[in-house]
Amino acid sequence: MAQLPAGIRFIISFSRDQWYRAFIFILTFLLYASFHLSRKPISIVKGELHKYCTAWDEADGRFSSQSAKSGSIAPRQLPDNETDCGWAPFDKNNYQQLLGALDYSFLCAYAVGMYLSGIIGERLPIRYYLTFGMLASGAFTALFGLGYFYNIHSFGFYVVTQVINGLVQTTGWPSVVTCLGNWFGKGRRGLIMGVWNSHTSVGNILGSLIAGYWVSTCWGLSFVVPGAIVAAMGIVCFLFLIEHPKDVRCSSTLLTHSKGSENGTNRLRLQKQILKTEKNRPLDPEMQCLLLSDGKGSIHPNHVVILPGDSGSGTAAISFTGALKIPGVIEFSLCLLFAKLVSYTFLFWLPLYITNVDHLDAKKAGELSTLFDVGGIFGGILAGVISDRLEKRASTCGLMLLLAAPTDALPFSAPLPPTAMLLLSGALVSGPYALITTAVSADLGTHKSLKGNAHALSTVTAIIDGTGSVGAALGPLLAGLLSPSGWSNVFYMLMFADACALLFLIRLIHKELSCPGSATGDQVPFKEQ
């Protein structure tokens, strides 16, 4: 018998389950990368919506700025749908406030919608819910760009488009995290989630390059093309997304009590026996540190919701207040609020900052800003590896936040070259953000106190990311208000936000150092006493 080719030997060296998991990993990566791809164009196009107003001085061949900014672009014949300062209504002196309002409209709607999205998402099929969100997001992203082709100058049109787009994009994050949580267990979760969460930076980089390609010639396509990509990925989602391993008869590494009886009544009896047994058994050291200050109490009953019935799970979706009572959810949510404030300020305002300070055109500024996202890829992976190795999520986030604060202050005035500062700042800012939104959310959503209630993952993820999205809305808004008084004030605001994020982690860091594994309750295996 002839020896099998090397490629075939490689294929059969992996099990069926492993191939399915690799497929879901790549698919969810691409799906959410397309969401971020569609969010980036607005930051690239800002430099085109408002440009330097110039008056040509024929006597000496020089031109001066009417908007108190120096420029380097020669005057040219403008199309009918543009003014000499850009695109109305963003051609006025209050353009920074108007652009900030666009960011705030999207992010505020995103923050409000996220709290509802997780609750709705865990009651609907993930594939249908995510497909709807991607098709709608693609449509409204493209609609913003159609304002260029139809010569629309109504500020209200662009605000309403941003609001609706922000709402429909909330379908993405709880869906993909829940799907990935269904397929992957807790082993090396930080590394797996760190690599997977690089979709944020990959999407931002692709969005910057795609939007930058058309920004100087036809900025409407900077939105239409990403919108078409998101919609196309929505169709891919509908055709290929597998929500749970059991749908294709693969083994589940997430559910710990999956071998119950098929009958709903017997399943309820089995769950009651498990609860009774664990109630009579002393709490393990990890749970004592996590839930109790003195080790004498019991688990709050709202943490476990069990319903009889014939559906496969035997558990119902956790309530909003029940999810808030999971230890660590509130602290990590508030930390993410400030971490995301910093991250999204860079996301939406970095290209315009580069344009104003280095006097580059919108395309070059967009390309240079991608270095921040490249650093974010390495930062997310590094945070995951360190947290897995040290088995301390909060401490890892705290260390990176502490180091991030100095790099947020005037990166282009630092001793290191701007490229190095952008890479370093991107890594340190994105590391905690990536770790909290992925591995920490998955840890808390499958917390011990939930007794295997996998339905809680979507709600917990939505609460954490929804709270973070409040900061994501505030950051760009504050940047728009502070930037007219000087960009240094914006960066001081970012330093203050990093300090606040670190402050909310102090208690969890103390818990981790005094009782390993207590921040999320699932990181460190313990020995039975």
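In this text, all values refer to a predicted model and were calculated from it rather than measured experimentally. (Residues numbered from 1 in each chain as written. Predicted model: local features only at pLDDT ≥ 70, side-chain atom pairs only at ≥ 80, totals over all residues. Heavy atoms only, no water.)

Scanning the chain for helices and strands turns up 19 helices and two strands. Counting the 529 residues in the chain, one finds 55% classified as buried. Once local pairs closer than 6 in sequence are excluded, the contacts in the chain between residues at least 24 apart make up 81%. Carbon together with sulfur atoms contributes 65% to the accessible area of the chain, which is approximately 22300 Å² in total. (Helix = DSSP H or I, 4+ residues; strand = E, 2+ residues; numbered from the N terminus. Buried < 20%, exposed > 50% of the residue type's maximum accessible area, 1.4 Å probe, protein only. Contact = heavy atoms within 4.5 Å. Areas by Shrake-Rupley, 256 points an atom, 1.4 Å probe, with all protein chains shown as cover.)

On to helix H10 (residues 221-240), then. Its 20 residues give H10 an end-to-end C-alpha distance of 28 Å, which sits within 8% of 28 Å, the value for a rise of 1.5 Å per residue. Turning to H10, its buried residues are Ser222, Phe223, Pro226, Gly227, Val230, Met233, Gly234 and Cys237. The arc enclosing the buried residues of H10, seen along the axis, measures out at 125°, which places them on a common side. (Expected span 1.5 Å × (residues − 1). Arc of directions from axis to C-beta.)

Here helix H5 (residues 126-149) crosses helix H7 (residues 172-183) at 145°, and the two axes come no closer than 9 Å. Note on packing geometry: the crossing formed by H5 with H7 is left-handed. Contacts from Ile126, Tyr129 and Leu130 of H5 reach H7 at Gly172, Ser175, Val176, Thr178 and Cys179. Looking at side-chain class alone, the contact of H5 with H7 contains five nonpolar, three polar and no charged residues. (Axes fitted to C-alpha atoms, helices over the stretch in contact; angles between N-to-C directions. Left-handed = near helix turned anticlockwise from the far one by under 90°. Nonpolar A, V, L, I, M, F, W, Y, C, P; charged D, E, K, R; others polar.)

To find leftover empty space, a probe the size of one water molecule is rolled over the atoms. All told, the structure shown has four cavities of 30 Å³ or more when counted by the stated rule. The space that makes up the largest cavity amounts to roughly 150 Å³. Of all the elements in the fold, those that place two or more residues in the lining of the largest cavity are helix H9 (199-214), helix H14 (329-358), helix H15 (362-390) and helix H17 (418-445). Counted by class, the lining of the largest cavity contains seven nonpolar, 11 polar and two charged residues. In terms of lining residues, the second largest cavity is bounded by 14 residues, among which Ser38, Arg39, Gln162, Asn165 and Phe223 are the most central. Within the residue set of the lining of the second largest cavity, elements represented by two or more residues are helix H2 (16-39), helix H3 (41-49), H5 and helix H6 (155-168). (1 Å grid on protein atoms, 1.4 Å probe; cavity = no way out; pocket = protein on both sides within 12 Å on 5 of 7 lines; lining within 4 Å. Points joined across faces, edges and corners; volume = space filled by probe spheres on them.)

In this fold, Asp103 is placed in helix H4 (residues 95-121). Among the residues examined, Asp103 registers a relative accessible area of 0% and is labelled buried. Setting aside chain neighbours within four positions, we find Asp103 in contact with Ile42, Lys46, Phe348, Trp349 and Pro476.

Considering the arrangement of structural elements, one finds Gly375 in helix H15. Overall, Gly375 belongs to the buried group, its relative accessible area being 2%. Gly375 sits 174 residues away from Ser201 along the chain, and the two C-alpha atoms are 8.4 Å apart. Contacts of Gly375, omitting those with residues within four sequence positions, involve Leu423, Gly426 and Ala427.

Turning to the packing of aromatic side chains, a few remarks are in order. What characterises a pair of aromatic rings is the spacing of the ring centres plus the angle enclosed by the ring planes. Tallying each qualifying case throughout the model produces 28 aromatic pairs. When the centroid spacing of 5.5 Å and the interplanar angle of 45° are considered together, the rings of Tyr32 and Phe35 count as tilted. Pair noted here: Tyr32 and Phe35 are both in helix H2, with a separation of three residues, about one helical turn. An identical accessibility class is assigned to Tyr32 and Phe35; each is buried. Feature note: the residues Trp87, Phe90, Phe144, Tyr148, Phe149, Phe155, Phe157, Tyr158, Trp219 and Phe223 constitute an aromatic cluster, connected by ring pairs. Positioned above the aromatic ring of Phe238 is the side chain of Arg127, whose terminal nitrogen or guanidinium carbon lies 4.9 Å from the ring centre. (Phe/Tyr/Trp six-rings, centres within 6.5 Å; stacked < 30°, edge-to-face > 60°. Lys NZ or Arg CZ within 6 Å of the ring centre and 35° of its normal.)

All right, on to helix H19 (residues 487-514) then. Relative to the 40 Å expected for 28 residues at 1.5 Å per residue, H19 spans 41 Å between its end C-alpha atoms, a close match to the ideal helical length. A bend of about 45° at Ile506 is the largest found in H19. (Bend = angle between axes of the 7 residues up to and from the residue.)

Let us look at the nonpolar core. Generally speaking, nonpolar side chains in soluble globular proteins are found buried as a group. Among the nonpolar cores identified, the biggest contains 107 residues, and Trp196, Trp219 and Leu505 are the most heavily contacted of them. Considering every element that reaches this core, the biggest residue donor is H14, with 17 residues. Non-local contacts of Trp219, meaning those with residues more than four positions away in its chain, are made with Val45, Glu48, Leu49, Trp87, Phe144, Gly145, Tyr148, Tyr158 and Trp214. (Core = buried A, V, L, I, M, F, W, Y, C linked by side-chain atoms within 4.5 Å.)

On to the confidence of the model for the chain, then. Close reading of the predicted structure is inappropriate where its pLDDT is low. Residue-level pLDDT values for the chain average 77, and 74% of them are 70 or greater. Within the model, the stretch residues 281-314 combines pLDDT values under 50 with 69 contacts to residues more than four positions away or in other chains. Segment residues 522-529: pLDDT under 50, and 24 contacts once partners within four positions in sequence are set aside and those in other chains are kept. (pLDDT = per-residue confidence, 0-100.)

On to the environment of Val195. Structurally, Val195 is set in helix H8 (residues 189-196). Note: C-alpha distance between Val195 and Leu382 (187 residues apart in sequence) is 9.0 Å. Apart from the residues lying within four places of it in its own chain, the contact partners of Val195 are Phe25, Phe29 and Ile381.

Before going further, it helps to spend a moment on the pattern of salt bridges. On inspection of all chains with the given rule, the structure shows five salt bridges. Between Asp103 and Lys46 there is a salt bridge, with its nearest N and O atoms 2.5 Å apart. Taken together, the residues Asp103 in helix H4 and Lys46 in helix H3 connect sequence positions 57 residues apart. Judged on exposure class, the residue Asp103 and its partner Lys46 are both buried. Asp465 is the salt-bridge partner of Lys340, the closest N and O atoms lying 2.8 Å from each other. Of the two residues, Lys340 is situated in helix H14 and Asp465 in helix H18 (residues 456-482); the sequence distance between them amounts to 125 residues. By relative accessible area, which is 1% here, Lys340 ends up buried. (Salt bridge = Lys/Arg side-chain N within 4 Å of Asp/Glu carboxyl O.)

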